Amino acid sequence: MGEILTAVMRWIHISSVVTLIGGIFYGRFVMTPAAQALSADARATLDDAAAARFRPVVFTAITGLVLSGIYNFLSKPGHSALYHALFGVKILLALHVISVAILVTAPKNPRRSRQLFGAAISGLTIVLISAYLKGIN
Ligand code: HEM
């Protein structure tokens, strides 16, 4: 039973990560350059429509990440000082990604492109740290 719950929580965590970070990459490196072909007005309308549709996805992914992340953390006790230090950095970067995801999906945000770029870098860094955490105690 415990193994099934652990697998489900891991599935929720990874699915949420894929959705959130994948959406951020798609927004910054596909949608933003593709929309350059449009007039400023049409681009603003498209950006706001895309943001509004991504917003519920973002909130669902954040909820999944935080709940499954807390479960993951509590289910693997006895961590070293290095684990805690890296985990602390990961959480700070996660707060950056979460804040940006909420900001960029708010209406009429002219700084979306730059904010998405920063969140994409933080997202990749978190995945690297998490990959390392997997192998240490
Ligand atoms: C943008 C936010 C986040 C990203 C991109 C992210 C990414 C990841 C990834 C890729 C893994 C490895 C999954 C696996 O191989 O099973 C992981 C594991 C983990 N995550 Fe997250 N995560 C995020 C947020 C959080 C939050 C908010 C928490 C805690 C509240 C958390 C806690 C954990 C823990 C404890 C593990 C297991 C690490 C280990 O194996 O020791 N994560 N995360």
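Residues numbered from 1 in each chain as written. Predicted model: local features only at pLDDT ≥ 70, side-chain atom pairs only at ≥ 80, totals over all residues. Heavy atoms only, no water.

**Regarding the coordination of the iron atom of the ligand**
Phase 1: Distances from the iron atom of the ligand to its protein donors, namely His13 (NE2) and Lys90 (NZ), fall within the range 1.8 to 2.1 Å.
Phase 2: Residue Lys90 is classed as buried on the basis of its relative accessible area of 13%. (Donors = N, O, S within 2.8 Å, 3.2 Å for Na, K, Ca; no water. Buried < 20%, exposed > 50% of the residue type's maximum accessible area, 1.4 Å probe, protein only.)

**Brief notes about the site of the ligand**
Phase 1: Taken together, 20 residues lie near the ligand, and Arg10, His13, Lys76, Tyr83 and Lys90 sit nearest.
Phase 2: Measuring from an oxygen atom of the ligand, one finds a side-chain N or O atom of Arg10 at 2.4 Å.
Phase 3: Between a nitrogen atom of the ligand and a side-chain N or O atom of Ser130, the distance comes to 3.3 Å.
Phase 4: Those elements giving two or more residues to the shell around the ligand turn out to be helix 1 (2-35), helix 2 (40-74), helix 3 (81-104) and helix 4 (112-134).
Phase 5: The greatest single-element share of the shell around the ligand, amounting to six residues, is contributed by helix 3.
Phase 6: Of the residues that constitute the shell around the ligand, the class distribution is twelve nonpolar, four polar and four charged. (Near = heavy atom within 4 Å. Polar contact = N/O pair within 3.5 Å; in protein donor to acceptor, adjacent residues only side chain to side chain. Helix = DSSP H or I, 4+ residues; strand = E, 2+ residues; numbered from the N terminus. Nonpolar A, V, L, I, M, F, W, Y, C, P; charged D, E, K, R; others polar.)

So far we have only geometry, and geometry alone does not tell us how the molecule works.
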